[in-house]
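For reference, the chains in residue letters:
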Amino acid sequence: MAAAMGFASIGNPIFSCRRYHHLLLHRYRANHRVPSTNASFGAPIGLRWDKRLEFAVPFRADTRVSFKSFNSIQLDRVLTTGDEEEIGDGFFEAIEALEQMTREPSDVLGEMNSRLSARELQLVLVYFSQEGRDSWCALEVFEWLKKENRVDKETMELMVSIMCGWVKKLIETEHDAGGVLDLLVDMECVGLKPNFSMMEKVISLYWESGKKERAVGFVEEVLRRGIAHSKGDGDGDGDDGHRGGPAGYLAWKMMEEGNYREAVKLVIQLRESGLRPEMYSYLIAMTALVKESNEVSKAFRKVKGFAKAGLVAGLDEGNVGLIEKYQSDLLADGIRLSSWVVQEGTASLYGLVHEKLLALYICAGRGLEAERLLWELKLIGKEVDRYFYDTALAICASQGESAAVLRLLTTLEASSSVRKKKTLSWLLRGYVKGENFVDAANAITRMLRAGLYPDYLDRVAVLQGLRKRIQQSGNLEAYLMLCKCLSDAELVGPCLVYMYLRQHKLWIVKMV
């Protein structure tokens, strides 16, 4: 029962059996009446003083009282126009008996079961959910309804709304995380199962009210107690991965706001403090790492582009070193997270975490590490998207890693012509980015011999690069061979190649 959990009033955390609630109760004999007025209810009431029980018990006057005076959103949902006239004496007698606490709520409700309608039982829940009332009793009533199979969809939604109001009140009044978690435990005990995660609801309430440190404290308290994450009926393990538990959800909230590094630090700090966050939080953290690394790479490319255009000063060696160190730190965190998943997770997660690590290598421009991981994934039977092979191939080509390029090209043997053209185009652009124009010319020749035609912009980029190389080294061979191949494939018209030897005042002209 909820009472065994030590649940107290939400309105006043200090539970006391001496309660002086102003109640609308059933009328008593005239000799017990003491005329009075209750401004909050807008109706005359009387008080009976029972010295044995030592608390005041108001009675309901003869006139019908407007229940709208509760001024409750939950009450508005339950009580509609005309319902006040339908409330019978059984409701008031039930309230009185429950308030006196002389018997168990289940005994009181069981005895009056036939006299209370579904709407009146909902009103009992609303009554005891109000601030200053005994919220423990509301949980007891709901638990009894659950056992008697009298909880329909409307009643469940009402109780969930009441519970969310209690949680919000605790958060707004700066209660500690333990008190909030106790409330969720009581909710589970009485069988309240909303179609969403209440833990995620609590984290969202903390987050949206700007109490982010308290959100972290709540997650730590959940993990410290070892409370299993309870999913609602509407939850699922979507690609966004934010349904994996409290730590993963909080990290996802951080990531949604662009605080990628903070999300990673949260998960790592929880793990290193011995709290053992759920597996999916590691995947969220790795996703945040990929996003952070991608943002750093994009910013670095923009700065280099601005410097090349003369708009800003170029980065000095010190700044470049700092950027590279930051990328290395991101990689180190990614490797650490992936190792934890491999050590503690199931085999079904290995491929997913390695894909994220692969993306991290690619964002950081680590071609050889990416290639090694691709082969490891192939060995465990995990097929990744061809994009990863193409990107790793381009990075290795830009870095002049010819052995790695040859190994990666072996994966093209059984590919279609469309697939081959796409992969070789990535190879070609990698060579151009690394200014390896001779290798780029050889890649174009290879494509033409296979009946594949490089894109126009790719051909132009390689020809321009070779032309600059002629001016620097005077070597015409690669340029002439490429022009001939392109001409044979009817991709360029006849061209005139010329060279001036200043020492001999001699022009050399050749038609290709």
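Residues numbered from 1 in each chain as written. Predicted model: local features only at pLDDT ≥ 70, side-chain atom pairs only at ≥ 80, totals over all residues. Heavy atoms only, no water.

Asks: Break down the overall build of the chain for me, with residues and values.
Replies: Counting secondary structure elements, the chain contains 21 helices and five strands. Here the chain holds 512 residues, and the buried ones make up 46% of them. A total accessible area of about 26500 Å² is found for the chain, and carbon and sulfur atoms account for 51% of it. (Helix = DSSP H or I, 4+ residues; strand = E, 2+ residues; numbered from the N terminus. Buried < 20%, exposed > 50% of the residue type's maximum accessible area, 1.4 Å probe, protein only. Areas by Shrake-Rupley, 256 points an atom, 1.4 Å probe, with all protein chains shown as cover.)

Asks: Describe the packing of helix H14 (residues 350-363) against helix H15 (residues 367-379), naming the residues involved and giving the relevant values.
Replies: Running from N to C, H14 and H15 cross one another at 160°; their axes reach a closest spacing of 9 Å. On the basis of the axis angle, H14 is roughly antiparallel to H15. Classified by chirality, the crossing of H15 by H14 is left-handed. Along the contact surface, H14 presents Gly351, His354, Leu357, Leu358, Tyr361 and Ile362, while H15 presents Glu369, Ala370, Arg372, Leu373, Leu374 and Leu377. A class-by-class count of the residues in the contact of H14 with H15 yields eight nonpolar, two polar and two charged. (Axes fitted to C-alpha atoms, helices over the stretch in contact; angles between N-to-C directions. Parallel < 35°, antiparallel > 145°, perpendicular 65-115°, else oblique. Left-handed = near helix turned anticlockwise from the far one by under 90°. Contact = heavy atoms within 4.5 Å. Nonpolar A, V, L, I, M, F, W, Y, C, P; charged D, E, K, R; others polar.)

Asks: Outline the environment of Val126, supporting the account with residue identities and numerical values.
Replies: Take Val126: it is sitting in helix H4 (residues 118-129). On the accessibility criterion, Val126 (1% relative accessible area) is buried. Along the primary structure Val126 and Leu158 are separated by 32 residues, whereas in three dimensions their C-alpha atoms are 8.4 Å apart.

Asks: Report on the confidence of the model for the chain, specifying residues and quantitative values.
Replies: Overall, the prediction assigns the chain a mean pLDDT of 77, with 76% of residues at 70 or greater. Looking over the chain, one finds the lowest element-wise mean pLDDT in strand E2 (residues 43-50), namely 30, and the highest in helix H11 (residues 260-272), namely 95. Note on residues 232-242: pLDDT under 50 across the span, and 21 contacts to partners over four residues away in sequence or across chains. (pLDDT = per-residue confidence, 0-100.)

Asks: Describe in detail unusual backbone geometry, supporting the description with residues and values.
Replies: Here the phi dihedral of Asn149 falls at roughly 60°; this positive angle occurs in a residue that is not glycine. Look at Asn149 and you get exposed, because its relative accessible area is 69%. A positive phi is found at Glu174, a non-glycine position, where the angle reads about 60°. Structurally, Glu174 is set in the loop between helix H6 (153-172) and helix H7 (177-189).

Asks: Any details on the packing of H14 against helix H16 (residues 386-398)? Residues and values, ideally.
Replies: In the contact formed by H14 and H16, the axes pass within 10 Å of each other and the chain directions differ by 30°. Of the possible angle classes, the one that applies to H14 and H16 is roughly parallel. For H14 against H16, the interelement crossing comes out left-handed. Here Glu355, Leu358, Ala359 and Ile362 of H14 lie close against H16, whose contacting residues are Phe388, Thr391 and Ile395. Here the residues of the contact of H14 with H16 sort into five nonpolar, one polar and one charged.

Asks: Account for the pattern of salt bridges, naming residues and giving values.
Replies: Counted according to the given criterion, the structure contains 27 salt bridges. Note that Glu257 and Lys212 form a salt bridge whose closest N and O atoms lie 3.1 Å from each other. Of this pair, Glu257 sits in the loop between helix H10 (246-256) and H11 while Lys212 sits in helix H9 (residues 212-225), and the two are 45 residues apart along the sequence. Residue Lys212 is classed as partly exposed on the basis of its relative accessible area, which comes to 33%. The partner of Arg336 in a salt bridge is Glu272, with the nearest N and O atoms 2.8 Å apart. Of the two residues, Arg336 is situated in helix H13 (residues 317-344) and Glu272 in helix H11; the sequence distance between them amounts to 64 residues. The exposed category is assigned to Glu272, whose relative accessible area is 52%. Put simply, Asp182, Glu221, Arg224 and Arg225 are held in one network by salt bridges that share partners. (Salt bridge = Lys/Arg side-chain N within 4 Å of Asp/Glu carboxyl O.)

Asks: Lay out a nonpolar patch on the surface in plain terms, naming residues and giving numbers.
Replies: Taken together, the side chains of Phe306, Leu311 and Val312 present a nonpolar region at the surface, about 290 Å² in accessible area. Looking at the secondary structure, you find Val312 in the loop between helix H12 (279-308) and H13. Here Val312 falls in the partly exposed class, since its relative accessible area comes to 40%. (Patch = residues over 30% accessible without salt bridge, like charges linked within 9 Å, V, L, I, M, F, W, Y side chains within 5 Å.)

Asks: Please give an account of the packing of aromatic side chains that cites residues and values.
Replies: Applying the stated criterion across every chain yields a total of seven aromatic pairs. Connected via pairs of aromatic rings, a cluster forms that spans Tyr387, Phe388 and Trp426. Lying over the aromatic face of Trp207, Lys212 brings its terminal NZ or CZ to 4.6 Å of the ring centre. Looking at Lys304, its charged tip hangs above the ring of Phe300, at a distance of 4.9 Å from the centre. (Phe/Tyr/Trp six-rings, centres within 6.5 Å; stacked < 30°, edge-to-face > 60°. Lys NZ or Arg CZ within 6 Å of the ring centre and 35° of its normal.)

Asks: Explain the state of the cysteines to me, using residue names and the numbers behind them.
Replies: Here, disulfide denotes a covalent bond that connects the sulfur atoms of two cysteines. Scanning all chains against the criterion turns up zero disulfides. You can see Cys485 has no disulfide; the closest cysteine sulfur is in Cys483, sitting 9.5 Å from it. (Disulfide = S-S within 2.5 Å.)

Asks: Pulling in residues and values, what's your account of the nonpolar core?
Replies: Among the nonpolar cores identified, the biggest contains 136 residues, and Val167, Leu192, Phe218, Leu250, Leu337 and Leu427 are the most heavily contacted of them. In terms of residue count, H6 provides more of this core than any other element does, 11 residues in total. Leu427 has contacts with Leu393, Ala397, Val405, Leu409 and Ala443, leaving out every residue within four places of it along the chain. (Core = buried A, V, L, I, M, F, W, Y, C linked by side-chain atoms within 4.5 Å.)

Asks: Outline the layout of surface pockets, listing residues and values.
Replies: By volume, the largest pocket amounts to about 1200 Å³. If you go around the largest pocket, you meet 33 residues; those closest to its centre are Arg301, Ile362, Cys363, Gly365 and Lys433. Looking at the lining of the largest pocket, the elements that each hand over two or more residues are H12, H13, H14, H16 and helix H18 (417-433). Broken down by element, the residue count for the lining of the largest pocket peaks at seven residues, all from H12. Residues that form the lining of the largest pocket fall into these classes: 14 nonpolar, 11 polar and eight charged. (1 Å grid on protein atoms, 1.4 Å probe; cavity = no way out; pocket = protein on both sides within 12 Å on 5 of 7 lines; lining within 4 Å. Points joined across faces, edges and corners; volume = space filled by probe spheres on them.)

Asks: Hey, could you go over helix H17 (residues 402-409) for me, with residue numbers and the actual values?
Replies: Looking only at H17, the buried set comprises Ala404, Val405, Leu408 and Leu409. On an axial view of H17, the arc spanned by its buried residues comes to 135°, and they lie on one face. Within H17, the exposed residues directed more than 90 degrees away from the buried face are Ser402 and Leu406. Against H15, H16, H18 and helix H19 (437-449) lie the buried residues of H17. (Arc of directions from axis to C-beta.)

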